[in-house]
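Single-letter residue listing:
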Amino acid sequence: MLSTASSFVHSTTPASSLPLFELTGPEITGPLCRHFYCYLKTTPTGQPNVQTPLLGVTSGFSLKSCSPNSQPCLSQVYPNVDFLGADYRTLFTADHEECQRVCTQDPACQFFTFVNGLFTPEKIRYKCHLKFSWTVPRTPIVEAKTGVASGFSHKIQMSQQLNTACQAVKLFSNTDIPGSDIQMLPAASAEHCQALCSAHPRCNYFSFVSNSFNCHLKSNPNEMVTKAKDGVTSGMPARFCQLDNSWVKLAHEDIDFRGSDIRFELMDDADTCQRTCTEDASCQFYTYAKENFFDPVYRRRCYLKRVITMPAPPKVNRLANVVSGFTLKNCV
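A brief structural summary.

**A look at helix 3 (residues 270–279)**
Since the α-helix advances by 3.6 residues per turn, residues separated by three or four positions end up pointing in the same direction.
Right, so step 1: Looking only at helix 3, the buried set comprises Ala270, Cys273, Gln274, Thr276, Cys277 and Thr278.
Right, so step 2: At its buried positions, helix 3 is contacted by strand 9 (141–152), strand 18 (261–266), strand 19 (285–289) and strand 20 (301–305).
Right, so step 3: At the N-terminal end of helix 3, a side-chain oxygen is found 3.2 Å from the backbone nitrogen of Asp271, two or three residues along, and the residue is Asp269.

**With respect to the sheet that holds strand 12 (residues 181–186)**
Right, so step 1: Ordered by their spatial adjacency, five strands build an open sheet running 10-16-13-14-12, and the pairing between neighbours is antiparallel. Every interior strand has two partners, whereas the edge strands, strand 10 (171–172) and strand 12, have only one.
Right, so step 2: In this structure, strand 10 lies alongside strand 16 (residues 232–235), joined through two bridges in antiparallel fashion. Of the residues in strand 16, the one forming a bridge with Leu171 is Gly235.
Right, so step 3: Contacts between helix 2 (residues 190–199) and the sheet are confined to strand 10, strand 12, strand 13 (205–209), strand 14 (214–218) and strand 16, with strand 13 contributing the most and set at about 150 degrees to the helix.

**Regarding the state of the cysteines**
Right, so step 1: If you walk through the whole model with that rule in mind, you get eight disulfides.
Right, so step 2: Each sulfur in the disulfide pair Cys99 and Cys128 lies 2.0 Å from the other. Taking the sign of the S-S torsion, 75 degrees for the link of Cys99 and Cys128, the bridge is right-handed. A residue pair is termed long-range when its members are at least 10 positions apart, and Cys99 in helix 1 (residues 96–105) and Cys128 in strand 8 (residues 127–131) qualify at 29 residues. The same class applies to Cys99 and to Cys128, which are both buried.
Right, so step 3: The disulfide bridge from Cys197 ends at Cys203, spanning 2.0 Å between sulfur atoms. Residues Cys197 and Cys203 are joined by a disulfide whose S-S torsion is about -100 degrees; by sign, that bridge is left-handed.
Right, so step 4: Cys197 gets classed as buried once you look at its relative accessible area, which sits at 1%.
Right, so step 5: By relative accessible area, Cys203 is classed as buried at 1%.

**Quick word on the sheet that holds strand 6 (residues 87–92)**
Right, so step 1: Read across the sheet, five strands follow the order 5-21-7-8-6 without closing on themselves; strand pairing throughout is antiparallel. The open sheet terminates on both sides in strands that have one partner only, identified here as strand 5 (78–84) and strand 6. Each neighbouring strand pair of the sheet contributes to a mean axis angle of 35 degrees, computed without reference to strand direction.
Right, so step 2: Bridge count between strand 7 (residues 111–115) and strand 21 (residues 315–326): five bridges; the pairing is antiparallel. Note that in strand 21 the partner of Phe111 across the bridge is Phe326.
Right, so step 3: Helix 1 contacts strand 6, strand 7, strand 8 and strand 21 of the sheet and is inclined by roughly 150 degrees relative to strand 7.

**Topic: the nonpolar core**
Right, so step 1: Core analysis: the largest hydrophobic core is formed by 42 residues, its most contacted members being Leu130, Phe152 and Leu217.
Right, so step 2: Not counting chain neighbours up to four residues away, the residues in contact with Leu130 comprise Ala86, Asp87, Tyr88, Arg89, Leu91, Cys99, Val102, Cys103, Asp106, Cys109, Phe111 and Phe112.

**Some details on unusual backbone geometry**
Right, so step 1: In this model, Thr120 is joined to Pro121 through a cis peptide bond whose omega is 10 degrees.
Right, so step 2: With respect to the secondary-structure elements, Pro121 resides in the loop between strand 7 and strand 8.
Right, so step 3: Its identity as a non-glycine residue notwithstanding, Asn174 has a phi of 50 degrees, on the positive side.
Right, so step 4: Along the chain, Asn174 falls in the loop between strand 10 and strand 11 (175–176).

**Digging into the environment of Ser234**
Right, so step 1: Residue position: Ser234 is located in strand 16.
Right, so step 2: Considering only alpha carbons, one finds Ser234 and Cys193, 41 residues apart in sequence, at a separation of 9.1 Å.
Right, so step 3: Beyond its immediate stretch of four places on either side in the chain, Ser234 contacts Lys170, Leu171, Phe172, Thr175, Asp176, Ile177, Phe206 and Ser207.
Right, so step 4: In this structure the side chain of Ser234 is engaged in a polar contact, spanning 2.7 Å, whose partner is the side chain of Ser207.

**Some details on the packing of aromatic side chains**
What describes a pair of aromatic rings is the distance from one ring centre to the other and the angle between the planes of the rings.
Right, so step 1: Throughout the structure, instances matching the rule amount to 14 aromatic pairs.
Right, so step 2: Taking 5.2 Å as the distance between ring centres and 55 degrees as the angle between the ring planes, the aromatic pair formed by Phe83 and Phe326 counts as tilted. Note that Phe83 is positioned in strand 5 and Phe326 in strand 21, a separation of 243 residues in sequence.
Right, so step 3: Look at Phe83 and you get buried, because its relative accessible area is 4%.
Right, so step 4: Relative to Tyr303, the ring of Phe264 lies with its centre 5.4 Å away and its plane at 45 degrees, an arrangement referred to as tilted. Linking Phe264 in strand 18 with Tyr303 in strand 20, this pair joins segments that are 39 residues apart in sequence.
Right, so step 5: Since its relative accessible area comes to 39%, Phe264 is described here as partly exposed.
Right, so step 6: Through a chain of ring-to-ring contacts, the aromatic side chains of Tyr78, Phe83, Phe111 and Phe326 assemble into a single cluster.
Right, so step 7: Of note, Arg301 hangs over the ring of Phe264, and the distance from its end group to the ring centre comes to 4.1 Å.

What counts and how
- Note on numbering: residues in each chain are counted from 1, in written sequence order.
- Note on the predicted model: pLDDT of at least 70 is required for a residue's local features to be given, and 80 or more for side-chain atom pairs to be given and counted; whole-chain, interface and lining totals, by contrast, use all residues.
- As a rule here, side-chain values cover all heavy atoms of the structure and leave hydrogens and water aside.
- Relative accessibility thresholds used throughout: buried, under 20% of the residue-type maximum; exposed, over 50%; partly exposed, between the two (1.4 Å probe, protein chains only).
- Working definition: helices are DSSP H or I runs of at least four residues, strands are E runs of at least two. Numbering for both runs from the N terminus.
- Any pair of residues with heavy atoms lying within 4.5 Å of one another is described as a contacting pair.
- N or O atoms within 3.5 Å of each other form a polar contact, as long as, within protein, one can give a hydrogen and the other can take it, and as long as residues adjacent in sequence are counted only when both atoms are side-chain atoms.
- DSSP-based pairing: two strands are paired if at least 2 bridges between them are found.
- In this description, a line fitted to the C-alpha atoms serves as the axis of each element, helices being fitted only across the stretch in contact, and the angle between N-to-C directions of two axes falls anywhere from 0 to 180 degrees.
- A pair of sulfur atoms, both from cysteines and within 2.5 Å, is called a disulfide here.
- We define a nonpolar core as any set of buried Ala, Val, Leu, Ile, Met, Phe, Trp, Tyr and Cys residues linked to one another through side-chain atoms lying within 4.5 Å.
- Pairing of aromatic rings covers Phe, Tyr and Trp, the last through its six-membered ring, and needs centres within 6.5 Å; plane angles under 30 degrees mean stacked, over 60 mean edge-to-face, and all others mean tilted.
- Either the NZ atom of lysine or the CZ atom of arginine qualifies as a charge over a ring when it sits within 6 Å of the ring centre and within 35 degrees of the ring normal.

In structure tokens, the structure reads:
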């Protein structure tokens, strides 16, 4: 176990890479060639198999053993770096410091990009782009599969912890709200879909399709037109109140949460798998292969799973006359 944080400048550690998080940027020719890639890696020992010097590469270890805080303070700002995409709101501010303050005060903002007074074209100078990143776990694939059971850690945080309980969060059974989609995500249930909608700053309402496990997040602040449709449940997000998260304690029989495995262990039943996930601080959800699973090689395997829930810009590019950075909510 590490007692201090370590990093290795100009070093690469080839190991089992996890393709979970990638920051990409354009290639710049010449001596300033820069790529923005973040490779997450794992080995059985927790140590790199090989360390190779490589100019322009910094490697290091996870800080899990150093700090229980999974939401680090990222106070540094990055001149001439664009966090491309994930915009949900724009406004004009005098400088990047004010843009960062706005991001910090906005509950949905995770990072920002500010366009300074030298940018071309002139009409978007001093524009502050607030950006959203998922802070709640999302199951990457949800599909029907005989002989498995899936579920969530009972300690999982699917929404902000608020003091006021929601009193009138309504779901409309066998009802679709056509159109106005902004994103489609896999979800295990209508309640799961509602939690995802509640976490997204642009989601005004949603429709969950039970036979495909598709959660359609929708944005239209002007109208909401419903239509009767079997197998679809629609609803609205919770706003400034605490959702009932009892649904996370339900096990989903014959449903597979495929992907995002961190490891598997052999166990006797799905209940033990669920308890193991709940007791493991790194586990967010799980899938257990029961004795009737079609392939005997996988039977009794408990797959513990996790996705990234820290601020993660979808792309990072070099761009002159902009400044990017993160919310300071976690720096208090």
